[in-house]
Protein chains: 2
Amino acid sequence: MPMINPERLLGDLRKLRSFGATGPGVVRLALSPIDIDARRWLAGRMNDAGLDAQIDGVGNVFGRSRNPGPALLIGSHTDTQPTGGWLDGALGVIYGIEIARALAENNDTRHLALDVASWIDEEGTFSGFLGSRSFIGGEHDASVDEAIRCARNRDGQLLHDALQAAGLAGRPRVHLERARQIGYLEPHIEQGGRLEASGNAIGVVTTIVGMREVRVRFTGQRNHAGTTPMSIRRDAGAALVAFIARMDDAFRALADADTVWTVGRIDLDPGSLSVVPGQADLYLQFRDGNAARLRAMEAALAQLAHEFHARGLVGVALDTLDEAIEPVTMNPAMQEHIARAAQAVAPGQWVRMPSGAAHDAQLLAAHLPACMLFVPSIGGVSHDFIEDTADEHIVLGCQVAADAAASILLEAMESR
Amino acid sequence: MPMINPERLLGDLRKLRSFGATGPGVVRLALSPIDIDARRWLAGRMNDAGLDAQIDGVGNVFGRSRNPGPALLIGSHTDTQPTGGWLDGALGVIYGIEIARALAENNDTRHLALDVASWIDEEGTFSGFLGSRSFIGGEHDASVDEAIRCARNRDGQLLHDALQAAGLAGRPRVHLERARQIGYLEPHIEQGGRLEASGNAIGVVTTIVGMREVRVRFTGQRNHAGTTPMSIRRDAGAALVAFIARMDDAFRALADADTVWTVGRIDLDPGSLSVVPGQADLYLQFRDGNAARLRAMEAALAQLAHEFHARGLVGVALDTLDEAIEPVTMNPAMQEHIARAAQAVAPGQWVRMPSGAAHDAQLLAAHLPACMLFVPSIGGVSHDFIEDTADEHIVLGCQVAADAAASILLEAMESR
């Protein structure tokens, strides 16, 4: 089986970190000049690894194995959040390159085809998951075309102009080859604290959770906070607080240990100490790996809103803030390959777990068998300059991914 | 006894409304050009009523009776909120002028001395209660001098420059004459809905409530809303919501029907749907007419904060936002005069009640016997363009105030 080279792996990760390094973190927004520099370097490293590399018409870096299929695709993203860490996304792409090298260096695996991708703009500087959507094509082409025409980053720059400035506008887009690519593997940092807390080194991802985002608006009566007795108030803020308590009870009754819900923002209007709030907005997000549970939570929320509204003291209205994201199950056979590899490399130090964060794999899973592998995040921190993972976990994760990739591909060769 | 003239009273109120009229409301910020115009007109109406009128060095309009003391002082303010109503403050000043005229027209009362004031900037465009503080002088002189030098309105204009532009800078300030003025009466709209709800026409104010303003800050751990299980979260926002529920219970156990408390503002940090809030601020105001109850509420709040903090999940810190305002009892003898006048004019249609809002009377009460009389606010609304009071209530309130003023002054003459 392939043996990855820890120094080469860590060296490439550190080199990639140097593009946009800011203190311990990285600022490498999609299609910024430093991101383009990093993509050119990545394409070079892919070529060095024996892949045919290109940067396509949306900025995806794609390294195609010269071996015929069946091919496994390993990918993630190398753009970052505005205050990003050095491993979020970068880890999976460099794993792919290192695994391509390791496969080529081993007589038993040098015939296997591993393609490697860095998807553009997973983080949504212009349009989230742009690269994986472009790669899938078909139903996503219209939204990708629309983004190229109209999407802007925070500085107001058009995506089209950013592609033009990078010399990428008009280049063809790389697309999924359904006859060749038989699976997608996305290694990633966990971005949570479960692996660390449980003393595990590897997470085999079972599902990527679905998500709902909702605004609950309470409409009462704005009033003078000194002259309006408690008994006649129609306090929108007080209704909001009472609602959250009831919602927590309802959600707890439906939840399992992986269900999460968050009130991230509360706005009281007019927001003055001397005024009883006439309007109050609650911004809620909830996530779960089980589609039926998400629907049950939506129903509980609607029921509670109806109940509060029906009391007549305040109006309650629900607004969906974004398209519902349904949970996605990771391919069970690929999970088994990763689990076996993890057990061989790190016996008893791996666990099956859901992904609470969204990933390109969520989109790709609708089109080819997909799975993810997690390594621990120190302190559970991500999207922050101090995001980090122990070197030994980085190395161990790559070896597990390499073994799983070899095993997936060898099995696919046999079954042809 | 004096008979007020309803048409003259309503005519003057409507004329004053025309200075700064904006739809049904009024925008007449302290020392704005339109406010200065209104002050000049007011001084003229005071002179017409037989008073010696002046506009003093801070903008107070003061009409001094030519009769020797003992004098009763009737006053309120004619500046408005940024989106003000036509009666808040204006009512009491025009009542004073009408009552001066009514006393002068009656043989039994024409010898009585009634002084009338419109205090500048009750609403705090530059510095709240500036006029009544200047009038009291002494302990307040330093803060008034400081305001003239340094206070600015929302447009950044210095108070000093506004006084200069109005031609008032350097004029002497009118001061309380302790040997002459034996009491202060401030008629005002209720600014709440109690009189209307109970079918009463007159409120005899017993106390002006005290007030506390506090920020409660919760410090937890900011985290990814997708990858952080509920069980390990230190959610500052969730702590805030739980705190409010417990605080409501504690305050309810201490409150009487007049106690009010309001959460006017909540800030969750960073305020993103995808982030478990790491910090949460609750802005609380509470008011009561009983100083001991205010202290008990403070103690309950501190106890609760200590209890939440001691659990160790989130930090809890209390910060006082403004100087504590202690409740002020209205002079009992003056209350009796108003109550008797109310019973004579509107039998069974008056009630004793606290003032939940702050007034110049709160400051003046420390220096001379003071009391207030309320007339109903339609729908309990004030500080809003649609603030209004029925004409019959405006007229009735003025007659009650006139009778009370005559009765207070006649008794004072007798006892000299």
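Quick notes on the rules
Residues numbered from 1 in each chain as written. Chains lettered and ligands numbered in written order. Predicted model: local features only at pLDDT ≥ 70, side-chain atom pairs only at ≥ 80, totals over all residues. Heavy atoms only, no water. Helix = DSSP H or I, 4+ residues; strand = E, 2+ residues; numbered from the N terminus. Rg over C-alpha atoms; globule rule 2.2 N^0.38 Å. Buried < 20%, exposed > 50% of the residue type's maximum accessible area, 1.4 Å probe, protein only. Contact = heavy atoms within 4.5 Å. Areas by Shrake-Rupley, 256 points an atom, 1.4 Å probe, with all protein chains shown as cover. Lys, Arg positive; Asp, Glu negative; His and termini not counted. Charge placed at Lys NZ, Arg CZ, Asp CG, Glu CD. Buried area = accessible area lost by both parts, 1.4 Å probe. Salt bridge = Lys/Arg side-chain N within 4 Å of Asp/Glu carboxyl O. Polar contact = N/O pair within 3.5 Å; in protein donor to acceptor, adjacent residues only side chain to side chain. Nonpolar A, V, L, I, M, F, W, Y, C, P; charged D, E, K, R; others polar. Pairing = 2+ DSSP bridges. UniProt positions renumbered as here; feature names shortened; annotations may be inferred. Domains from an automatic or database assignment. Least-squares fit on C-alpha atoms with pLDDT ≥ 70 in both. Phe/Tyr/Trp six-rings, centres within 6.5 Å; stacked < 30°, edge-to-face > 60°. Axes fitted to C-alpha atoms, helices over the stretch in contact; angles between N-to-C directions. Disulfide = S-S within 2.5 Å.

## Observations regarding the overall build of chain A
Logical step 1: Counting secondary structure elements, chain A contains twelve helices and 17 strands.
Logical step 2: In summary, chain A has a C-alpha radius of gyration of 24 Å against a globular reference of 22 Å for 416 residues, a match within 12%.
Logical step 3: For chain A, the spread of C-alpha atoms along the three principal axes comes to 85 × 50 × 40 Å.
Logical step 4: When burial is assessed residue by residue, chain A has 58% of its 416 residues classed as buried.
Logical step 5: A separation threshold of at least 6 residues defines the contact pool for chain A, and within that pool the share at least 24 residues apart is 79%.
Logical step 6: By element, 51% of the accessible surface of chain A is carried by carbon and sulfur atoms, the whole surface being about 15300 Å².
Logical step 7: If the 37 positive side-chain charges of chain A are averaged to one point and the 52 negative ones to another, these points end up 3 Å apart.

## Let's talk about the interface of chain B and chain A
Logical step 1: The interface is formed by 44 residues belonging to chain B together with 42 residues belonging to chain A.
Logical step 2: Together, the buried faces of chain B and chain A total about 3400 Å²; carbon and sulfur atoms form 61% of this surface.
Logical step 3: Inspection of the region where chain B meets chain A yields zero salt bridges.
Logical step 4: Where chain B meets chain A, there are eight residue pairs in polar contact (both at pLDDT 80 or more).
Logical step 5: Counting only elements with at least two residues in the side of chain B that touches chain A, the list comes to strand 10 (223-224), helix 8 (236-254), strand 11 (260-269), strand 12 (275-276) and strand 13 (279-288) of chain B.
Logical step 6: Of the residues that constitute the side of chain B that touches chain A, the class distribution is 19 nonpolar, 19 polar and six charged.

## Overview of the pairing of strand 17 (residues 370-375) of chain B
Residue and element names in this part refer to chain B.
Logical step 1: Across the six residues that make up strand 17, a large majority, six, are buried.
Logical step 2: Alignment of strand 7 (residues 181-189) against strand 17, held across six bridges, turns out to be parallel. Paired with His-188 across the two strands is Phe-374, which belongs to strand 17.

## Considerations on the UniProt feature "binding site: Zn(2+) 1" (unreviewed entry) in chain A
Residues and elements named next belong to chain A.
Logical step 1: Per the UniProt annotation, the sites labelled "binding site: Zn(2+) 1" (unreviewed entry) are His-77, Asp-88 and His-188. The named residues occupy 112 residues along the chain; their greatest pairwise C-alpha distance, 9.7 Å, places them in one compact cluster.
Logical step 2: Those residues in contact with Asp-88 that sit more than four places away from it in its chain are His-77, Asp-79, Glu-123, His-188, Ile-189, Gln-191, His-383 and Glu-387.
Logical step 3: With respect to the helices and strands, the residue His-188 is situated in strand 7 (residues 181-189).
Logical step 4: Setting aside anything within four residues of it in sequence, one finds His-188 in contact with Ser-76, His-77, Asp-88, Gly-89, Leu-91, His-359, Met-372, Leu-373, Phe-374 and Val-375.
Logical step 5: Within polar-contact distance, the side chain of His-188 engages the backbone nitrogen of Gly-89 at 3.4 Å.

## Topic: the domain arrangement of chain A
Residue and element names in this part refer to chain A.
Logical step 1: The domain architecture assigned to chain A consists of domain 1 (6-208 + 327-414) and domain 2 (210-320).
Logical step 2: On a C-alpha basis, the centroid separation for the pair domain 1 and domain 2 is 38 Å.
Logical step 3: Contacts between the two partners involve eight residues from domain 1, matched on the other side by nine residues from domain 2.
Logical step 4: Interface area, domain 1 with domain 2, both sides summed: about 490 Å², of which 49% is carbon and sulfur.
Logical step 5: Among the residues of domain 1 in contact with domain 2, Arg-194, Pro-327 and Gly-356 are the three that bury the most area, contributing 67% of the side total.
Logical step 6: Across the pair Asp-258 and Arg-194 runs a salt bridge whose closest N-O atoms are separated by 2.7 Å.

## Looking at the relation of the copies chain B and chain A
Logical step 1: Screw-axis analysis of chain B against chain A gives a translation of 0.2 Å along the axis, an RMSD of 0.1 Å, and a rotation angle of 180 degrees. Taken together, the turn and the small shift mark the pair as related by a two-fold rotation axis. Among all residues of chain B, the one whose C-alpha sits closest to the rotation axis is Val-241 of chain B, at a distance of 2.9 Å.

## A look at the packing of aromatic side chains
Where two aromatic rings form a pair, the distance of their centres and the angle of their planes describe that pair.
Residues and elements named next belong to chain A.
Logical step 1: One pass over the full model with this rule turns up 16 aromatic pairs over all chains.
Logical step 2: For the pair Phe-19 and Trp-41, a centre-to-centre distance of 5.9 Å together with 40 degrees between the ring planes defines the contact as tilted. Of this pair, Phe-19 sits in the loop between helix 1 (6-18) and strand 1 (21-22) while Trp-41 sits in helix 2 (residues 33-48), and the two are 22 residues apart along the sequence.
Logical step 3: For Trp-41, a relative accessible area of 17% gives the class buried.
Logical step 4: The interplanar angle of 55 degrees and the centroid separation of 5.4 Å between the aromatic rings of Phe-251 and Phe-286 together place this pair among those described as tilted. Placement of Phe-251 in helix 8 (residues 236-254) and of Phe-286 in strand 13 (residues 279-288) is noted, with a sequence separation of 35 residues between them. The residues Phe-251 and Phe-286 share a single accessibility class, namely buried.
Logical step 5: Through pairs of rings, three or more aromatic residues link up here, namely Phe-62, Trp-119, Phe-135 and Tyr-184.

## Quick word on the sheet that holds strand 14 (residues 315-320) of chain A
Residues and elements named next belong to chain A.
Logical step 1: Ordered in space as 11-13-9-14, the four strands form an open sheet in which the pairing is antiparallel. Pairing within the sheet leaves two strands with one partner each, and these edge strands are strand 11 (260-269) and strand 14. Each neighbouring strand pair of the sheet contributes to a mean axis angle of 20 degrees, computed without reference to strand direction.
Logical step 2: Bridge count for strand 11 against strand 13 is nine bridges, and the pairing is antiparallel. Within strand 13, the residue paired with Asp-267 across the bridge is Asp-281.
Logical step 3: Strand contacts of helix 8: strand 9 (210-219), strand 11 and strand 13, with the helix running at about 15 degrees to strand 13, the strand carrying the most contacts.

## Some points on the pattern of salt bridges
All names here are of chain B.
Logical step 1: Tallied over the full model, the rule gives 54 salt bridges over all chains.
Logical step 2: With a closest N to O distance of 3.0 Å, Asp-319 and Arg-215 form a salt bridge. Here Asp-319 is found in strand 14 (residues 315-320), whereas its partner Arg-215 is found in strand 9 (residues 210-219), with 104 residues between them in sequence.
Logical step 3: Judged by its relative accessible area of 17%, Arg-215 falls in the buried class.

## Details of the environment of Ala-402 of chain B
Residue and element names in this part refer to chain B.
Logical step 1: The topology assignment puts Ala-402 in helix 12 (residues 391-415).
Logical step 2: Taking the C-alpha atoms as reference points, Ala-402 and Ile-325, separated by 77 residues in sequence, lie 30 Å from one another.
Logical step 3: The contact partners of Ala-402, leaving out residues within four places of it in the chain, are Pro-2, Ile-4 and Ile-99.

## Let's talk about the sheet that holds strand 14 of chain B
Residues and elements named next belong to chain B.
Logical step 1: Strand order in the open sheet formed by four strands is 11-13-9-14, with antiparallel pairing between adjacent strands. Only two strands of the sheet have a single neighbouring strand rather than two, namely strand 11 and strand 14. Taking the axes of each pair of neighbouring strands and ignoring which way they run, one obtains an average angle of 20 degrees across the sheet.
Logical step 2: Sheet topology note: the strand 9/strand 14 ladder contains six bridges and is antiparallel. Across the sheet, residue Val-216 finds its bridge partner in strand 14, namely Leu-318.
Logical step 3: Seen against the sheet, helix 8 touches strand 9, strand 11 and strand 13 and runs at an angle of roughly 15 degrees to strand 13.
Logical step 4: Here helix 9 (residues 291-310) sits on the sheet in contact with strand 9, strand 11, strand 13 and strand 14, set at roughly 160 degrees to strand 13.

## Observations regarding the state of the cysteines
Logical step 1: Applying the stated criterion to the full structure yields zero disulfides over all chains.
Logical step 2: The thiol of Cys-371 of chain A is not disulfide-bonded; the next cysteine sulfur, from Cys-398 of chain A, is found 15 Å away.

## Focus on the UniProt feature "binding site: Zn(2+) 2" (unreviewed entry) in chain A
Residue and element names in this part refer to chain A.
Logical step 1: Cross-referencing UniProt, the feature "binding site: Zn(2+) 2" (unreviewed entry) maps to Asp-88, Glu-123 and His-383 in the present numbering. The largest pairwise C-alpha distance within this set of annotated residues, which runs over 296 residues, is 10.0 Å, so the set is compact in three dimensions.
Logical step 2: Here Glu-123 is to be found in the loop between strand 6 (113-119) and helix 4 (130-136).
Logical step 3: Apart from the residues lying within four places of it in its own chain, the contact partners of Glu-123 are His-77, Asp-79, Thr-80, Gln-81, Asp-88 and His-383.
Logical step 4: Within the local environment of Glu-123, its side chain forms a polar contact with the side chain of Gln-81, the two groups lying 2.8 Å apart.
Logical step 5: As for its placement among the helices and strands, His-383 is situated in the loop between strand 17 (370-375) and helix 12 (391-414).

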